[in-house]
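Fold and contact review
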Amino acid sequence: MEKNAKIYVAGHRGMVGSAIYRKLVKEGYTNIITRTSAELDLRNQQAVTDFFAAEKPDYVFLAAAKVGGIVANNTYRADFLYENLAIQNNVIHNAYLNEVKKLMFLGSSCIYPKLAPQPLKEDYLLTGTLEETNEPYAIAKIAGIKMCDAYRDQYGANFISVMPTNLYGYNDNYHPQNSHVLPALIRKIHEAKINNVKEVVVWGSGSPMREFLFADDLADACYFLMEHYNERNLINIGTGHDLTIRDLALLIKEVLGFEGELVFDTTKPDGTPRKLMDVTKLHDLGWKHKVELREGIELAYQDFESRY
Ligand SMILES: NC(=O)c1ccc[n+]([C@@H]2O[C@H](COP(=O)([O-])OP(=O)(O)OC[C@H]3O[C@@H](n4cnc5c(N)ncnc54)[C@H](OP(=O)(O)O)[C@@H]3O)[C@@H](O)[C@H]2O)c1
Ligand SMILES: C[C@@H]1O[C@H](OP(=O)(O)OP(=O)(O)OC[C@H]2O[C@@H](n3cnc4c(=O)[nH]c(N)nc43)[C@H](O)[C@@H]2O)[C@@H](O)[C@H](O)[C@@H]1O
């Protein structure tokens, strides 16, 4: 991307969008355009059409989406399907109409079949049944991947799809019900510590395994791929390492200095047993994450405390 290129970061106030924005500023880009959802509701077809026609961005990072943890995905099933389809349809189609030079679509590791072999290779897409709790979200994300591929096939558009693993970092969502596991446990354990409560409830059995990538590392990978990756096929972004939810909770407990007990609530869903990304393709291109989990949790906790 040329340093004076006009770059639209959709979702710039979110965890991922804000990390991409910071990365672009650090790299010397000065012509970055943004809109909050109040200023531009990306579900609104006419508003998105008008925005692209007026602004004519050169590059687009599509990091705006309806996002949440396992319970949010399972509860707001219609919203996750409708809103994500609407946002991505409007942005991808208008990027094509306005001759955007390159667009990056952000998917998620939940696009892979629930019981796919591990680690998850990119070509396992559409080889089996999805995890029930996040099927609507995954279907929307798969549609986004296929849309980027179809616009490339039919119109030669340089639209790429990246599949990040579970993320955490600055500007994360710490909502008690709707957040992802890592921010949720930071909040619960912090609150137990300051209120002298002896137990923290962890959802599910604690045995599912997850991989976690710090959002600033993800932004670095997104920038790297925007510069170096121009292929039709999706590409995974992760660390290549995972751990059980129980071990994650123990690590957060240690970092926060909480001495109480963990209690597992098995009435809550476990979700996919494991979703470890195969990052061979990304590593072969020359990118590797920098922030390890303990350091990332320390940084996220500082951010949480400063905003709590
Ligand atoms: N978090 C994860 O663990 C994770 C993992 C894998 C992939 N991803 C992907 O990364 C991307 C970003 O996720 P995130 O974690 O950064 O989410 P986030 O923190 O919830 O941010 C989402 C952003 O999307 C914007 N947005 C939502 N609905 C909108 C609408 N109707 N119109 C305009 N903007 C809208 C919001 O804008 P406002 O703030 O202005 O309302 C918000 O800033 C998503 O595509 C997600 O699927 C996330
Ligand atoms: C990255 C996202 O991952 C999401 O799946 P997924 O990893 O299970 O999402 P999480 O909500 O992070 O949950 C991961 C695991 O942590 C357990 N868990 C334990 N305690 C908690 C808690 O307090 N809050 C939460 N949220 N979980 C908790 C949860 O039951 C599940 O087994 C998908 O629903 C999305 O579609 C998306 O792909």
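Everything numeric in this text was worked out from a predicted model, so none of it was measured.

1. A few points about the overall build of the protein
Assigned secondary structure in the protein consists of 10 helices and 12 strands. Here the C-alpha radius of gyration of the protein, 19 Å, is about what a compact globule of 308 residues would show, namely 19 Å. Principal-axis analysis of the C-alpha atoms places the extent of the protein at approximately 55 × 40 × 40 Å. For the protein, buried positions account for 55% of its 308 residues. Taking contacts inside the protein between residues at least 6 apart in sequence as the whole, the part at least 24 apart equals 81%.

2. A word on the packing of aromatic side chains
Taken as a whole and assessed by the stated rule, the structure comprises 14 aromatic pairs. Residues Tyr8 and Phe52 carry aromatic rings whose centres are separated by 6.0 Å and whose planes lie at 80° to one another, so their mutual orientation is edge-to-face. Residue Tyr8 is located in strand β1 (residues 7-10), and its partner Phe52 is located in helix α2 (residues 45-55); the two are separated by 44 residues in the primary sequence. Residue classification places Phe52 among the buried positions, given a relative accessible area of 0%. Between Tyr96 and Tyr151, the aromatic rings sit 5.4 Å apart at their centres with planes inclined by 65°, giving edge-to-face as the arrangement. Placement of Tyr96 in helix α4 (residues 77-97) and of Tyr151 in helix α5 (residues 135-155) is noted, with a sequence separation of 55 residues between them. Ring pairs connect the aromatic residues Tyr96, Tyr151, Tyr155 and Phe159, which therefore count as one cluster. Taking the ring centre of Tyr76 as reference, the NZ or CZ of Lys66 above it sits at 5.8 Å.

3. Focus: the pattern of salt bridges
Taken as a whole and judged by the stated rule, the model has 19 salt bridges. With a closest N to O distance of 3.5 Å, Glu83 and Arg43 form a salt bridge. Placement of Glu83 in helix α4 and of Arg43 in the loop between β2 (32-33) and α2 is noted, with a sequence separation of 40 residues between them. Using a relative accessible area of 16% as the deciding quantity, one classes Glu83 as buried. Arg232 is paired through a salt bridge with Asp149; the nearest N and O atoms lie 3.8 Å apart. Here Asp149 lies in helix α5 and Arg232 lies in the loop between α7 (215-228) and β10 (235-237), a separation of 83 residues in the sequence. Classification of Arg232 by relative accessible area gives partly exposed; the value is 37%. Within the structure, one salt-bridge network assembled from shared partners comprises Lys23, Glu27, Asp220 and Lys290.

4. Digging into the UniProt feature "binding site: substrate" (unreviewed entry) in the protein
UniProt feature "binding site: substrate" (unreviewed entry): in the numbering of this structure it lies at Lys188, Trp203, Arg210 and Asp270. Relative to the elements of secondary structure, Lys188 occurs in helix α6 (residues 181-194). Note on Lys188: relative accessible area 23%, which makes it partly exposed. Residues within four places of Lys188 in sequence aside, it is in contact with Val200, Val201, Val202 and Trp203. Along the chain, the position of Arg210 falls in strand β8 (residues 209-210). Excluding its chain neighbours within four sequence positions, the residues that come into contact with Arg210 are Asn166, Asp242, Leu243, Ile245, Asp270, Gly271, Thr272, Pro273, Arg274 and Lys275. There is a polar contact of 3.4 Å between the side chain of Arg210 and the backbone oxygen of Asp270.

So, how was this worked out
- Residues numbered from 1 in each chain as written.
- Chains lettered and ligands numbered in written order.
- Predicted model: local features only at pLDDT ≥ 70, side-chain atom pairs only at ≥ 80, totals over all residues.
- Heavy atoms only, no water.
- Helix = DSSP H or I, 4+ residues; strand = E, 2+ residues; numbered from the N terminus.
- Rg over C-alpha atoms; globule rule 2.2 N^0.38 Å.
- Buried < 20%, exposed > 50% of the residue type's maximum accessible area, 1.4 Å probe, protein only.
- Contact = heavy atoms within 4.5 Å.
- Phe/Tyr/Trp six-rings, centres within 6.5 Å; stacked < 30°, edge-to-face > 60°.
- Lys NZ or Arg CZ within 6 Å of the ring centre and 35° of its normal.
- Salt bridge = Lys/Arg side-chain N within 4 Å of Asp/Glu carboxyl O.
- UniProt positions renumbered as here; feature names shortened; annotations may be inferred.
- Polar contact = N/O pair within 3.5 Å; in protein donor to acceptor, adjacent residues only side chain to side chain.

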